[in-house]
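Single-letter residue listing:
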Amino acid sequence: MTAAELLRGDAAGMAAAVRAGAVSATALAEASLARIAATDGRVNAFTDVVRERALARAAALDAGAAQAAALPLLGVPFAVKNLFDIAGLRTLAGSKIERDSAPASADGALVQRLEAAGAVLVGALNMDEYAYGFTTENSHEGPCRNPHDLNCIAGGSSGGSGAAVAAGQVPITLGSDTNGSIRVPASLCGVFGLKPTFGRLPRSGSYPFISSLDHLGPFARSVRDLALSYDAMQGPEQGALRDPGCAQRVAEPVTPLLGHGIAGLRIGVLGGWFAHNALPEALAAVGRVAEALGARDRVELPLVEEGRAAAFLVTNAEAGSLHLQDLRLRAQDFEPHSRDRFLAGALLPAAWVARAQRVRRRYAEAVAKVFTQYDLLLAPSTPCAATPIGTEWLTLGERRLPLRPSMGLLTQPISCIGLPVCAVPVWDAHPRLPIGVQLIAAPWREDITLRAAAVLEGLGVVRAPVAPLA
C-alpha cells in the first residue's frame, strides 16, 4: 500500500507498515501534509501546520529505525487542538487575544508523550474560543466544517480535532472535554472519542478552560487507535510543574484488554433526561448499540438535571474569573458567541457557585450508587446529528432551545462528575449523517468503555469512515 492509502486506514496499520519497512515515516508525514493541503481549504480544521518540524521528526525516526521499532505509534501523524502548547507556536486557544502572547517554549505533556511513542506532530487545530462552545463557529479563524457535509458544523469545542480525523488528514488528534467537547464533535463528525476519568491524564502545557472540569483525550478512526494513543499518554508526571488536578496514577494499559469482550458486564440504557432531550435519530442510535450489547434495563440517573445546572454555573463562574482582566481591557476582542457568557459568569454571586459545588458533590455520590448495580451505561452523545452552520435554535418536542449550549445537554451531566466515556459513531440512525452514543463507566474504568466499543466495532454497529472529500 502507498502512504496515501495507509493514511486512510488506522494508526496501528501505519505503525506496522513503518516497522516492517513497507513505508517510511517521512512518506507518511508527506502524505498527511499533502492531504491537509488538498482538503483543508474546505474543512478549515487546521490553524497551523508545522511542516518542517514534522518532516524533521519523521526523518529522525527513519534514521533510527532499529531503535524506534518498538514504538507503538511509529511514524503516525497526529495533530492537536490549538490549546495544547507546541514549541515555537503561540497557544491560541481559539482566540484573538492570545495572538499577542509569547510562543510556547516547550510542547505540552501529552504532545511529548505521543511523540515519545513514535508519533509525528503535523499541526494545531481549530476550536471554539477558549473552549467555550459546542460548534466551532470561530469568528477569528472561520468555522470548522463537517467533512461529511461541508454546510454543517463539526461540533465543538474540539471541532478541528474531530474534523481532521474524519477528513483523513491524520488518524489521531487530541482535544479537550470540559462539558462535552470531545464527545460532541466525535458524534457529529462520525469518529471515536475518549474522555478519560477526570485526573487520569496530565493537563500540563495546555490552556485551561475550567480547571475543576477540564479533561484531555484522543480522537481516532478505530478503537484500537484510541486505546494505543490513550495508553501512550498515561502515567504520573515527573518534575515540579505538575498538573495539580492529575491523580498521578500509574499507567493501566487498556490495549491488551480490547479482546476481552463484555461477558458478565451489567449494561443499562439511560432514560429520563437522556431520552427527553434527544431527537428520534439520537434515540435510534442508542437503540442500535443497546441491541448489539444486549442491554435491556432502563436506568434513570438521580439528580441529573440538578447536576447539569451545577455544571453550567461552575463553568460560567470559573470562565468569567479566568478572563476577568481581559474582559475589562479587551472585551471587543472576544468572540461574540462567548463574550456575553464570560461577562455573565464574572457577575455570578459566590453563594450560587458554592451551592452548585455542593449539588455537584451530592450528584456524584448518587451516581456512584448506580455503578454498584451497573458496569456500563448507554446514552446519546448529542440531541441530534450535525446542523447547518449558523443554526440558532434546536427544537425538542414543543421546546425551542438555543442550539449552541444545547448540544451539550447530554454530555455535560457526565463530565460534571468526571466519569470516563467512549463516544462511538453510529451511521444508520440518520438518513445521511453519523451520530454518537456515549459508553459510560465508573471512574478509572476506561477499559470497560473501550472493550464495549471494540465489540461494537467488530460487529459493524459503529465505524468511522473517511469522508469522501476529493
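Further up the page is the structure itself.
Residues numbered from 1 in each chain as written. Predicted model: local features only at pLDDT ≥ 70, side-chain atom pairs only at ≥ 80, totals over all residues. Heavy atoms only, no water.

Describe the packing of helix 9 (residues 223-233) against helix 18 (residues 446-459), naming the residues involved and giving the relevant values.
Remark: helix 9 packs on helix 18, axes separated minimally by 9 Å, with the N-to-C direction vectors making an angle of 155 degrees. On the basis of the axis angle, helix 9 is roughly antiparallel to helix 18. Every residue of helix 18 that contacts helix 9 at Val223, Leu226 and Tyr230 is listed here: Glu446, Leu450, Ala453, Ala454 and Glu457. (Axes fitted to C-alpha atoms, helices over the stretch in contact; angles between N-to-C directions. Helix = DSSP H or I, 4+ residues; strand = E, 2+ residues; numbered from the N terminus. Parallel < 35°, antiparallel > 145°, perpendicular 65-115°, else oblique. Contact = heavy atoms within 4.5 Å.)

Could you give an account of the packing of aromatic side chains, naming the residues involved and the relevant values?
The full count for this structure, using the stated rule, is six aromatic pairs. Both rings, one in Tyr130 and one in Tyr207, keep their centres 5.4 Å apart while their planes meet at 40 degrees; by these two values the pair is tilted. Of this pair, Tyr130 sits in the loop between strand 3 (120-125) and strand 4 (137-138) while Tyr207 sits in the loop between strand 9 (192-195) and strand 10 (215-220), and the two are 77 residues apart along the sequence. Under the relative-accessibility criterion, Tyr130 is labelled buried at 1%. Classification of Tyr207 by relative accessible area gives partly exposed; the value is 22%. Chaining the aromatic ring pairs together yields one cluster made of Tyr130, Tyr132, Tyr207, Phe209, Phe334 and Phe342. We note Arg249 situated over the ring of Trp444; from NZ or CZ to the ring centre the distance is 4.1 Å. The ring of Trp393 has Arg400 sitting right over it, with the charged end atom 4.2 Å from the ring centre. (Phe/Tyr/Trp six-rings, centres within 6.5 Å; stacked < 30°, edge-to-face > 60°. Buried < 20%, exposed > 50% of the residue type's maximum accessible area, 1.4 Å probe, protein only. Lys NZ or Arg CZ within 6 Å of the ring centre and 35° of its normal.)

Lay out the pairing of strand 11 (residues 267-270) with the relevant residues and their values.
Moving residue by residue along a regular strand, the side chains alternate between the two faces of the sheet. Taking every second residue as pointing to the same face, both faces of strand 11 are buried, with Ile267 and Val269 on one and Gly268 and Leu270 on the other. Both strand 11 and strand 13 (residues 376-380) contribute to a ladder of three bridges, which runs parallel. Note on strand 13: the bridge partner recorded for Gly268 is Leu377. Summarising the sheet, strand 11 and strand 12 (residues 297-299) pair through three bridges and their orientation is parallel. Bridge pairing in strand 12 places Leu270 opposite Val299. (Pairing = 2+ DSSP bridges.)

Give me the pattern of salt bridges: which residues, what numbers.
One pass over the structure, following the stated rule, counts 19 salt bridges. Among the ionic pairs, Arg200 bridges to Glu252, the shortest N-O distance being 2.6 Å. Taken together, the residues span a long stretch of sequence, with Arg200 in the loop between strand 9 and strand 10 and Glu252 in the loop between helix 9 and strand 11 at a distance of 52 residues. When its relative accessible area of 31% is taken as the criterion, Glu252 is described as partly exposed. A salt bridge links Arg249 to Glu252; the shortest N-O distance between them is 3.2 Å. Among the charged side chains, a network of salt bridges with common partners joins Lys96, Asp100, Arg330 and Asp333. (Salt bridge = Lys/Arg side-chain N within 4 Å of Asp/Glu carboxyl O.)

Coordinates in, geometry out; function isn't part of it.
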